[in-house]
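Now for the letters of each chain:
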Amino acid sequence: IWDQSGQLILEPLEGHTSWVTCGSYSSHGSKIVAGSYDGTLIMWDASAGIEAAVPIAGHQGIMWGVAFAPNDSCFASVGYDDRTIRFWNGETGEAIGEPVECDDRLLCIAFSPDSTQFAIGTLGGGILLGDAQTRSLTNDMLVGHTDTVRSVRFSPDGSRIYSASDDGSVRCWDAQTSRHIGYPLLGHTKAVTSIAISNDGARIATGSVDKSVRIWD
């Protein structure tokens, strides 16, 4: 863990027995959760650097995505091998409800700013939408990418969803109507693997296998 000046402020957080593939900070900054190739999640106290709960088991195989809901009531993880979405208590790490089963392999998840919706990127290129309050998928799917969706993000006001794909494009969607907005953002020459959005929503940064970061307005 580093501060904004680049100074290391905690010893490495250890506990996983294989690659760490995803992580998320709670909105209040008190907890960190990470998922691994070993099929477990570990939650740490972000101030002390100690485990806040026993390692969390449930997924069968690799998981590629985990995210805290902005209200910190829960976090959700998505399984690549077992194709399930699982919800966990944001304080205790205990499972909430039953796993949500999906037809495709899952790679990433993001919550809306008001913690009522979630979006999930899939291996096949579709983006699943869900109701976070009922912990269930809706009938809507965002279709347009032609390859794996590696990253999804909601805009700060929750009105839009941005997605990045192995097809080299970044797309924007209306979070309420599920319609595609504008044209795909093209410029990367290889898979786009990550998206970050400025706090005011005015700019988007994307990272790619082509070794570049691009900034979009």
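What counts, and at which threshold
- Residues numbered from 1 in each chain as written.
- Predicted model: local features only at pLDDT ≥ 70, side-chain atom pairs only at ≥ 80, totals over all residues.
- Heavy atoms only, no water.
- Helix = DSSP H or I, 4+ residues; strand = E, 2+ residues; numbered from the N terminus.
- Pairing = 2+ DSSP bridges.
- Axes fitted to C-alpha atoms, helices over the stretch in contact; angles between N-to-C directions.
- Core = buried A, V, L, I, M, F, W, Y, C linked by side-chain atoms within 4.5 Å.
- Buried < 20%, exposed > 50% of the residue type's maximum accessible area, 1.4 Å probe, protein only.
- Contact = heavy atoms within 4.5 Å.
- Polar contact = N/O pair within 3.5 Å; in protein donor to acceptor, adjacent residues only side chain to side chain.
- Salt bridge = Lys/Arg side-chain N within 4 Å of Asp/Glu carboxyl O.

Student: Provide a residue-level description of the environment of Ser-18, including the pertinent values.
Tutor: Among the secondary structure elements, Ser-18 is positioned in the segment before strand E1 (20-25). Taking the C-alpha atoms as reference, Ser-18 lies 25 Å from Cys-102; in sequence the two are 84 residues apart.

Student: Tell me what's going on with the sheet that holds strand E12 (residues 136-142), and back it up with residues and numbers.
Tutor: An order of E9-E10-E11-E12 is seen for the 4 strands of this open sheet, with the pairing classed as antiparallel. What marks the edges here is a single partner per strand, and that holds for strand E9 (106-111) and E12. With strand direction ignored, the average angle separating the axes of adjacent strands in the sheet is 25°. As paired elements, E9 and strand E10 (residues 117-122) share 5 bridges and run antiparallel to each other. Along E10, the bridge assignment pairs Leu-106 with Thr-122.

Student: If you had to explain the sheet that holds strand E4 (residues 56-57) to someone new, which residues and values would you point to?
Tutor: Here we have 4 strands laid out as an open sheet, ordered E1-E2-E3-E4, and antiparallel in their pairing. Each having just a single partner strand, E1 and E4 make up the two edges of the open sheet. The sheet contact formed by E1 and strand E2 (residues 31-36) spans 5 bridges and is antiparallel. Its bridge partner being in E2, Gly-23 is matched across the sheet by Ala-34.

Student: Lay out the nonpolar core in plain terms, naming residues and giving numbers.
Tutor: Ranked by size, the top nonpolar core spans 16 residues in total, and within it Ile-85, Phe-87, Leu-106, Ile-109, Phe-111, Phe-118 and Ile-120 carry the most contacts. Those elements that provide at least two residues to this core are strand E6 (74-79), strand E7 (84-89), E9 and E10. Other than its neighbours up to four places away in sequence, Ile-109 contacts Gly-65, Val-66, Ala-67, Ala-76, Val-78, Ile-85, Phe-118, Ala-119, Ile-120 and Val-152.

Student: Explain the pairing of strand E19 (residues 213-216) to me, and be specific about the residues and the numbers.
Tutor: Sheet analysis places strand E18 (residues 204-208) next to E19, joined by 4 bridges and oriented antiparallel. Paired with Ile-204 across the two strands is Trp-216, which belongs to E19. Hairpin geometry of E18 and E19 is characterised by an intervening segment of 4 residues between the two adjacent antiparallel strands and by a positive phi of about 75° at Lys-211.

Student: Give me the lowdown on the side chain of His-188, citing residues and values where you can.
Tutor: With respect to the secondary-structure elements, His-188 resides in the loop between strand E16 (180-185) and strand E17 (192-197). A distance of 2.8 Å separates a polar atom in the side chain of His-188 from a polar atom in the side chain of Thr-206. Apart from residues lying up to four places away in sequence, His-188 is in contact with Gly-168, Thr-206, Gly-207, Ser-208, Asp-210, Ser-212, Arg-214 and Trp-216.

Student: Explain the side chain of Thr-40 to me, using residue names and the numbers behind them.
Tutor: With respect to the element layout, Thr-40 can be found in strand E3 (residues 40-45). Of the residues examined, Thr-40 reaches a relative accessible area of 17% and is grouped as buried. A polar side-chain atom of Thr-40 sits 3.4 Å from a polar atom in the side chain of His-16. With residues up to four places along the chain from it excluded, the contact list for Thr-40 reads His-16, Ala-34, Gly-35, Ile-56 and Met-63.

Student: Tell me about the pattern of salt bridges, and name the residues and values.
Tutor: Side chains that differ in sign of charge can pair as their charged atoms come close. Inspection of every chain in the model, using the stated rule, returns 4 salt bridges. The salt bridge partner of Asp-81 is Arg-105, with a shortest N-O separation of 3.4 Å. Taken together, the positions of Asp-81 in the loop between E6 and E7 and Arg-105 in the loop between strand E8 (95-101) and E9 put the pair 24 residues apart, joining distant regions of the chain. Classification of Asp-81 by relative accessible area gives partly exposed; the value is 35%.

Keep in mind these numbers describe shape, not what the thing actually does.
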